[in-house]
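Descriptive analysis of the structure
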Amino acid sequence: MTDSYLYPIVALLPLTACILVFQVNPYHALVIRGILGAVAALVYAVLGAADVALTEALVGTMLAITLYAVAVRSSLVMRLGVLESASATSLDVSQSAQPQLEQWLDNLRTLLIKHHLRLELVNYPDRQRLHQALKDQDVHAICTPLEAESLENQAIAADSPIYCTTIRIPRLYDILQSELSSSHLTPSARLAQFEEVSL
Amino acid sequence: MINTLSYVCFGIGLIFWFWGTWPLLGDRSVLYKLHSLSVADTLGSISIVVGLLLKIPREWPLLLLALISLAIWNTVLGYVLAYCSSREDTYD
Amino acid sequence: MNVILIAMILALLIPIYEACQDEDIWQKMLAFASVATKTSMMILVVSVLRDDWMIGVVGVIILSVGNAALMLLAHILKRLNQL
């Protein structure tokens, strides 16, 4: 059993395991997990455990990776509730509001991609249902246009935010707050934390 | 005689492997790497299996199965990977 | 035969290094494809070397299953980038 090629083959297993541990992006880690599974199957087969190698290839490489890819894809997401017609409630800003929302959403996407998150938009017909969805924990955050009177109060500066994004999850709020304060892009929307009292 | 022939097959397979895997390290596009990798990997693996077949002809059903699955799967895999990765490129 | 297996291990190290160093996900998938083929070929060589029929069968099954896993993962990643 003590062949000279045995040691380098077995040494491949901790090597790939270390590479897997040091991955940051979850999807890259999944691919490296596939490589680890292939190497592990090789090691088991070389050591004489054919059944273990087969199980590793079938379950560890195929099933686990597919299930994990689906799980990571559905969990690393920020669900943002928006009004179905964001311009309908505000009166005369309908021309300028929509591009500003689009720009804000684009900024948000680029910020979230840095943290390997996706942005998923959920449409709601009116403001009341939007807030109810946030309370019911259906969405992680909502993006609402500011009320008309508060819009009047701020002297209409060109880059003053007319959208308010309310975030339910404290960690997400911290991440976005620090990213927004450090980056140079003008925030076209205000960030607010959702204070939950009823539980 | 047969033995040296099988070693020649192993040698050709290993040369193909190194030749196909080396472009992976460069900064070329995914499709270029995929082309060299799928061609050289499949040919090298087939050559190694033929070498094994010459060495131990007793296990021919197994090695024939390996040969067939290698040829079919690697071609299909090449197409699937190229399709998936190029669709992403056009989307960006 | 031992020399051949050592050379195969060296060939296996190239895609592993590539997967470790490259940032693009598709390059990593290519490295994964290369590793999957190479490991199953090594299992086949070892099975013939030891004259062990059982390991050989496992090697052939891994050869086909590893590629199937790769295609599944590639399709999931493609769907991921489209959304």
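One can find the structure itself at the top, above this paragraph.
As the structure is a prediction and not an experimental result, all values here were calculated from the model.

1. A closer look at the overall build of chain C
The helix and strand inventory of chain C stands at 3 helices and 0 strands. Helices (α) and strands (β) of chain C occur, in sequence order from the N terminus, as α-α-α. Counting all 83 residues of chain C, 70% fall into the buried class. When contacts within chain C are restricted to residue pairs at least 6 apart in sequence, long-range pairs at least 24 apart make up 57% of them.

2. Remarks on the nonpolar core
By size, the foremost hydrophobic cluster in this structure holds 80 residues, and its most contacted members are C:Met8, C:Trp26 and C:Met29. At 15 residues, helix α2 (residues 25–50) of chain C tops the list of elements feeding residues into this core. In contact with C:Met29, other than residues within four places in its own chain, are A:Val31, B:Leu81, C:Leu70, C:Leu73, C:Ala74 and C:Leu77. In this structure, A:Val82, A:Leu105, A:Leu111 and A:Tyr163 belong to the second largest nonpolar core, which totals 19 residues.

3. Focus: the side chain of A:Gln23
Its place among the elements puts A:Gln23 in the loop between α1 (6–21) and α2 (26–46). Within the structure, the side chain of A:Gln23 is placed 3.4 Å from the backbone oxygen of A:Ile19, a separation counted as a polar contact. When residues no more than four places from it in sequence are discounted, the contact partners of A:Gln23 are A:His28, A:Ala29, A:Ile32 and C:Lys28.

4. A closer look at the interface of chain C and chain B
In this complex, chain C contributes 42 residues to the contact, which on the side of chain B involves 42 residues. For the pair chain C and chain B, the summed buried area comes to about 4,000 Å², and 77% of that belongs to carbon and sulfur atoms. The largest per-residue losses of area from chain C upon contact with chain B belong to C:Leu30, C:Val48 and C:Met71, which jointly make up 16% of the total buried on that side. Joining chain C to chain B, the criterion identifies 3 salt bridges. Linking B:Asp41 and C:Lys38 is a salt bridge whose minimum nitrogen-to-oxygen distance equals 3.0 Å.

5. What about empty space enclosed by the protein?
It is the rolling of a water-molecule-sized probe over the atoms that shows where space remains empty. Applying the stated criterion across every chain yields a total of 3 cavities of 30 Å³ or more. Here the largest cavity defines a volume of roughly 110 Å³. For the lining of the largest cavity, the secondary-structure elements that each account for two or more residues are α2 (30–55) and α3 (60–91) of chain B together with α2 of chain C. Per element, the largest residue contribution to the lining of the largest cavity is 5 residues, and it comes from α2(B). Each residue belonging to the lining of the largest cavity can be placed in one class, and the counts come to 5 nonpolar, 6 polar and 1 charged. Taken as a whole, the second largest cavity holds about 60 Å³ of empty space. A:Gly37, A:Ala38, A:Ala57, A:Thr61, C:Phe32, C:Ala36, C:Thr39, C:Ile62 and C:Gly66 together form the lining of the second largest cavity. Mapped onto the lining of the second largest cavity, the elements with two or more residues apiece are α2 and α3 (50–75) of chain A together with α2 and α3 (53–82) of chain C.

6. Details of the pairing of strand β4 (residues 163–167) of chain A
Side-chain direction in a regular strand flips from residue to residue, so the side chains alternate between the two faces of the sheet. All names here are of chain A. With respect to burial, β4 is a largely interior element, 5 of its 5 residues being buried. Of the two faces of β4, the one lined by Tyr163, Thr165 and Ile167 and the one lined by Cys164 and Thr166 are each fully buried. Pairing geometry for strand β3 (residues 141–145) and β4, over 5 bridges, is antiparallel. Across the sheet, residue Cys143 finds its bridge partner in β4, namely Thr165.

7. As for the environment of B:Leu64
Residues and elements named next belong to chain B. Turning to its location among the elements, Leu64 is positioned in helix α3. Residue classification places Leu64 among the partly exposed positions, given a relative accessible area of 37%. Counting along the chain gives 11 residues from Leu64 to Leu53, while the straight-line C-alpha distance between them is 8.3 Å.

Each value, and the rule that gives it
- Residues numbered from 1 in each chain as written.
- Chains lettered and ligands numbered in written order.
- Predicted model: local features only at pLDDT ≥ 70, side-chain atom pairs only at ≥ 80, totals over all residues.
- Heavy atoms only, no water.
- Helix = DSSP H or I, 4+ residues; strand = E, 2+ residues; numbered from the N terminus.
- Buried < 20%, exposed > 50% of the residue type's maximum accessible area, 1.4 Å probe, protein only.
- Contact = heavy atoms within 4.5 Å.
- Core = buried A, V, L, I, M, F, W, Y, C linked by side-chain atoms within 4.5 Å.
- Polar contact = N/O pair within 3.5 Å; in protein donor to acceptor, adjacent residues only side chain to side chain.
- Buried area = accessible area lost by both parts, 1.4 Å probe.
- Salt bridge = Lys/Arg side-chain N within 4 Å of Asp/Glu carboxyl O.
- 1 Å grid on protein atoms, 1.4 Å probe; cavity = no way out; pocket = protein on both sides within 12 Å on 5 of 7 lines; lining within 4 Å.
- Points joined across faces, edges and corners; volume = space filled by probe spheres on them.
- Nonpolar A, V, L, I, M, F, W, Y, C, P; charged D, E, K, R; others polar.
- Pairing = 2+ DSSP bridges.

Note that every value here comes from positions in space, so none of it alone points to a role or purpose.
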